[in-house]
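Take a look at the letters that make up each chain.
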Amino acid sequence: MDTLSKSHLLDSLWQIIPQNQKAVAKSLKSWNEVHTSRLAVFPEAPPHTPAIDWAYYKASLDKFTAVVDAEEKDVKTRAELESLSKTTTEEYKKQLEKMRNIIPCDQMIINNLNEVFPETKLDKTKYPCWPYQ
């Protein structure tokens, strides 16, 4: 970006800054200029800078990627177990509430027993003949 377009951009930016914030903007601009001039003294890359060993970083990253993937899988498994546990807990709570609402056994008749425990109902299609009929 050449200096003319940069100054034009700064002028247009300066026009949209509210009056009560111009002092802050001016201090930021001077702070930026000071640091830019300090950084301009340094070369782009010092000559003694070693080359980056990308193979080493890739190997390190692969090692950690495997660890992160394993932990992610573990978290998913835990979440599945937690949701399964919640559904099981809800089912048990429903069964417990059902048991609490049962009338006492000494007051039950066979119809109440069959309502509460449907598995005790006599299956007349499977066993059509009963001894006391």
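Not measured: the values here are computed from a predicted model. (Residues numbered from 1 in each chain as written. Predicted model: local features only at pLDDT ≥ 70, side-chain atom pairs only at ≥ 80, totals over all residues. Heavy atoms only, no water.)

**Student:** How should I be thinking about a nonpolar patch on the surface in this particular structure?
**Tutor:** A cluster of nonpolar side chains, Ile52, Trp54, Tyr56 and Tyr57, forms an exposed patch at the surface whose accessible area comes to about 530 Å². Looking at the secondary structure, you find Tyr56 in helix 3 (residues 54-100). Look at Tyr56 and you get exposed, because its relative accessible area is 52%. (Patch = residues over 30% accessible without salt bridge, like charges linked within 9 Å, V, L, I, M, F, W, Y side chains within 5 Å. Areas by Shrake-Rupley, 256 points an atom, 1.4 Å probe, with all protein chains shown as cover. Salt bridge = Lys/Arg side-chain N within 4 Å of Asp/Glu carboxyl O. Helix = DSSP H or I, 4+ residues; strand = E, 2+ residues; numbered from the N terminus. Buried < 20%, exposed > 50% of the residue type's maximum accessible area, 1.4 Å probe, protein only.)

**Student:** Which parts of the structure should I look at to understand the pattern of salt bridges?
**Tutor:** Inspection of the entire model under this criterion finds 3 salt bridges. One salt bridge in this structure joins Asp62 and Lys58, with 3.7 Å as the shortest N-O distance. Separated by 4 residues within a single helix, Asp62 and Lys58 lie in helix 3, roughly one turn from each other. With a closest N to O distance of 3.6 Å, Lys86 and Glu82 form a salt bridge. With Lys86 and Glu82 both in helix 3, this residue pair falls 4 residues apart, about one helical turn.

Structural measurements only, silent on function.
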